[in-house]
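Spelled out from the first residue to the last, the chains are:
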Amino acid sequence: MSKPPSQSPQPPQPARASSSRPGWLLLAVEVGLFLRIVAADSVEWYVQRTGRAGVCVFPDADYYWKLAQTIRRGELYQIVEWGDIPHFALRTPGYPLFLAGCQLIAGDRPIAARLAQAVLGALTVWLVYRLTRSVLGTESKVPAIAAGLTAVHPYMILMSAVLLSEAVFVPLMLVSLWGMAVLWDRESGGRTAIGAALAVGCASGAAVLTRPSWLLFVPAMLGAWLVWRWFAGRSIGPAVRSVVIAAVGFAAVMGPWWYRNATIYGQFVPTALWMGASLYDGLNPKATGASDMRFLADPDVWPMDERDQDAELTRRAKAFVRAEPRRALELALVKLARYWSPWPNAEGARSPLATVASAVVMIPLLGLIGVGLWTLRADPRAWILLAGPILYFSGLHMIFASSMRYRTPGEVPAMSLAAVGLVRCVRMARPPRLTAVA
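These lines cover the structure that appears in this document, whether it is placed above or below. As the structure is a prediction and not an experimental result, all values here were calculated from the model.

## As for the overall build of the chain
Then, number 1: On a plain count of helices and strands, the chain comes out with 17 helices and 2 strands.
Then, number 2: Taking 438 residues into account, the globule formula puts the C-alpha radius of gyration at 22 Å, and the chain, at 24 Å, falls close to it.
Then, number 3: Classification of the 438 residues of the chain by burial places 47% in the buried group.
Then, number 4: Sequence separation of 24 or more characterises 73% of the internal contacts of the chain that already satisfy a separation of 6 or more.
Then, number 5: Accessible surface for the chain amounts to roughly 21900 Å². Of this, 66% is attributable to carbon and sulfur atoms.
Then, number 6: Side-chain charges of the chain comprise 42 positive and 27 negative groups, with the mean position of each set lying 13 Å from the other.

In structure tokens, the structure reads:
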């Protein structure tokens with residue numbers, strides 16, 4: 001009797017869900033890029049059609065664009081206002097450097113910068129996926145869902161199209177958070193730990209040069225990590241070494257700007273001489289919670305040089321808080337409400353249609369973020385790396401002027417929480433399986 005022919009062993013087949021995730025990620029990146037290119041073209045068409053004097057819909061863009069031109073032409077990095085008053089540190093150079101690169105390639109055509117930012121927006125989708133995988137693992141669909149939410153988020157799409165620093169800041173912030181996620185549970189050093197620590201430091205430095213308000217989050221994040229490892233009984237030595245490496249990377253990136261400011265002012269200027277104006281914008285007798293810097297045109301303010309102006313406006317803001325602490329507290333609550341508003345609250349951006357459309361998207365999304373954070377409430381990484389930025393900016397803008405615009409960068413890593421919340425809600429909505437009774 002002949003033996004049946006032996007069957008050759010078949011190679012193991014990967015799980016369908018796992019094999020499909022790279023495809024879903026690629027689709028999310030492609031969709032994100034497409035939507036951002038459409039937004040870039042639309043904003044450029046709108047600016048050209050309306051014949052606006054500036055390069056974009058927000059006046060801050062003109063400052064960035066002019067500073068980028070000084071870099072491209074090799075001129076002194078400054079903005080001259082009120083006729084002949086120079087401002088050498090009105091804005092940090094991170095975003096103007098990016099714009100200068102775009103100008104070097106395409107000249108004074110803003111559409112080139114918008115399209116470059118569309119590419120950065122697509123990169124943001126991929127970075128959210130990587131961050132989510134590093135924090136929450138690879139076994140669930142959550143990273144792909146987080147990437148998908150980032151790809152279609154309307155305000156993140158708009159953020160890539162307008163000439164504001166958020167377009168460059170957000171990818172740098174995500175690299176820093178991703179590096180921190182890689183370091184989180186490591187018990188020893190090695191090339192991976194050194195690379196991740198350098199990524200945290202260098203990306204954080206570049207992020208601060210792009211958006212100075214990120215400055216306080218960096219030591220808070222590193223300090224919270226060390227405290228957690230201490231109380232969790234983890235080895236603290238490798239973590240301290242990683243923090244030192246991150247600090248070296250941070251200082252290496254920030255160093256040229258610090259040196260340049262020291263040669264101009266004869267003192268240490270860590271970011272920009274604009275905090276006094278921003279502080280007084282949020283804390284003054286006429287403050288409403290929104291930004292209104294018309295006080296810079298007052299005859300007792302505009303003639304000052306930038307150092308004296310910064311110091312005087314800081315003094316006035318502190319004096320206002322001391323004189324009217326109750327009003328300062330009321331303003332903090334107003335600014336908190338503006339920050340968490342589900343619809344636009346800036347002048348010129350409000351309409352019934354925009355309010356309803358924004359509420360339809362943002363109320364469920366913010367709810368999912370809350371559900372996701374509650375689901376991961378025992379995980380310190382979720383609090384620091386995923387929810388940390390949106391909560392940090394929330395607290396910061398209870399002091400400075402506030403708007404939902406300032407929430408959008410913090411929403412990007414929080415898309416991981418929204419994905420967790422969505423998965424949980426879907427599972428809760430499923431009917432229970434019926435078990436057959438013998």
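## Considering helix H2 (residues 60-73)
Then, number 1: Under the 1.5 Å per step criterion, the end-to-end length of H2 is 21 Å for 14 residues, consistent within 8% with the ideal 20 Å.
Then, number 2: For H2, the set of buried residues is Ala 61, Tyr 64, Trp 65, Leu 67, Ala 68, Gln 69 and Thr 70.
Then, number 3: Those residues of H2 hidden inside the fold are in contact with strand S1 (79-81), helix H3 (94-106) and helix H4 (110-136).
Then, number 4: Phi turns positive, to about 75°, at Gly 74, one or two residues after H2.

## Topic: the pattern of salt bridges
Then, number 1: This model, assessed by the stated rule, comprises 15 salt bridges.
Then, number 2: Its salt-bridge partner being Arg 234, residue Asp 185 comes within 3.2 Å of it at the nearest N-O pair. Here the residue Asp 185 occupies a position in the loop between helix H7 (166-183) and helix H8 (191-210), and Arg 234 occupies one in the loop between helix H9 (217-231) and helix H10 (237-265), the gap between them amounting to 49 residues.
Then, number 3: Residue Arg 234 is classed as partly exposed on the basis of its relative accessible area of 29%.
Then, number 4: The partner of Glu 330 in a salt bridge is Arg 326, and the shortest N-O contact between them spans 3.8 Å. With Glu 330 and Arg 326 both in helix H13 (residues 325-339) and 4 residues apart, this pair spans about one turn of that helix.
Then, number 5: For Glu 330, a relative accessible area of 36% puts it in the partly exposed group.
Then, number 6: You can call Arg 326 exposed: its relative accessible area is 68%.
Then, number 7: It is possible to trace a salt-bridge network through shared partners that takes in Asp 185, Arg 234, Asp 379 and Arg 381.

## What about a nonpolar patch on the surface?
Then, number 1: Taken together, the side chains of Trp 24, Leu 27, Val 31 and Val 152 define a hydrophobic patch exposed on the protein surface, amounting to about 370 Å² of accessible area.
Then, number 2: Per element, the largest residue contribution to the nonpolar patch is 3 residues, and it comes from helix H1 (residues 16-50).
Then, number 3: Note that Val 152 resides in helix H5 (residues 142-152).

## Regarding the packing of aromatic side chains
Then, number 1: On inspection of all chains with the given rule, the structure shows 16 aromatic pairs.
Then, number 2: Their ring planes at 90° and their centres at 6.0 Å tell us that Trp 214 and Tyr 392 sit as a pair that is edge-to-face. With a gap of 178 residues between them, Trp 214 in the loop between H8 and H9 and Tyr 392 in helix H16 (residues 388-396) connect regions that are remote in the sequence. A single burial state applies to Trp 214 and to Tyr 392, both of which are buried.
Then, number 3: With 5.4 Å between their ring centres and 70° between their planes, Phe 217 and Tyr 392 make a pair best called edge-to-face. With Phe 217 in helix H9 and Tyr 392 in helix H16, the pair connects residues that are 175 residues apart, well separated along the chain.
Then, number 4: Connected via pairs of aromatic rings, a cluster forms that spans Phe 169, Trp 214, Phe 217, Tyr 392 and Phe 393.
Then, number 5: Over the ring of Trp 274 we find Arg 91, and its NZ or CZ is 5.1 Å from the ring centre.
Then, number 6: Its end group placed over the ring of Trp 374, Arg 377 keeps NZ or CZ at 4.0 Å from the ring centre.

## Some points on the packing of helix H11 (residues 275-282) against helix H12 (residues 306-323)
Then, number 1: Here H11 crosses H12 at 25°, and the two axes come no closer than 7 Å. The orientation of H11 with respect to H12, classified from their angle, is roughly parallel. The hand of the H11/H12 crossing is left-handed. Residues Met 275, Gly 276, Ala 277, Leu 279 and Tyr 280 of H11 form the contact with H12, whose participating residues are Asp 310, Leu 313, Thr 314, Arg 316 and Ala 317.
Then, number 2: In terms of residue class, the contact of H11 with H12 is built from 6 nonpolar, 2 polar and 2 charged.

## Some details on the packing of H4 against helix H17 (residues 408-429)
Then, number 1: As a packed pair, H4 and H17 sit with axes 9 Å apart at the nearest point and diverge in direction by 60°. As the angle between them shows, H4 and H17 are arranged oblique. Remark: the crossing between H4 and H17 carries right-handed chirality. Counting all contacts with H4, which are made through Thr 124, Val 128, Leu 131, Thr 132 and Leu 136, the residues of H17 involved are Val 412, Pro 413, Ser 416 and Val 420.
Then, number 2: When the residues that make up the contact of H4 with H17 are grouped by side-chain class, the tally is 6 nonpolar, 3 polar and no charged.

## Here we look at the environment of Arg 73
Then, number 1: Counting through the fold element by element, Arg 73 comes out in helix H2.
Then, number 2: Between the C-alpha atoms of Arg 73 and Ala 100, which are 27 residues apart in sequence, the distance is 9.1 Å.

## Concerning the environment of Val 269
Then, number 1: Topologically, Val 269 is positioned in the loop between H10 and H11.
Then, number 2: In this structure, the C-alpha to C-alpha distance between Val 269 and Ala 122, residues 147 residues apart in sequence, is 34 Å.
Then, number 3: Leave out the neighbours within four places in its chain, and Val 269 touches Trp 257, Trp 258 and Asn 261.

Conventions used here
Residues numbered from 1 in each chain as written. Predicted model: local features only at pLDDT ≥ 70, side-chain atom pairs only at ≥ 80, totals over all residues. Heavy atoms only, no water. Helix = DSSP H or I, 4+ residues; strand = E, 2+ residues; numbered from the N terminus. Rg over C-alpha atoms; globule rule 2.2 N^0.38 Å. Buried < 20%, exposed > 50% of the residue type's maximum accessible area, 1.4 Å probe, protein only. Contact = heavy atoms within 4.5 Å. Areas by Shrake-Rupley, 256 points an atom, 1.4 Å probe, with all protein chains shown as cover. Lys, Arg positive; Asp, Glu negative; His and termini not counted. Charge placed at Lys NZ, Arg CZ, Asp CG, Glu CD. Expected span 1.5 Å × (residues − 1). Salt bridge = Lys/Arg side-chain N within 4 Å of Asp/Glu carboxyl O. Patch = residues over 30% accessible without salt bridge, like charges linked within 9 Å, V, L, I, M, F, W, Y side chains within 5 Å. Phe/Tyr/Trp six-rings, centres within 6.5 Å; stacked < 30°, edge-to-face > 60°. Lys NZ or Arg CZ within 6 Å of the ring centre and 35° of its normal. Axes fitted to C-alpha atoms, helices over the stretch in contact; angles between N-to-C directions. Parallel < 35°, antiparallel > 145°, perpendicular 65-115°, else oblique. Left-handed = near helix turned anticlockwise from the far one by under 90°. Nonpolar A, V, L, I, M, F, W, Y, C, P; charged D, E, K, R; others polar.

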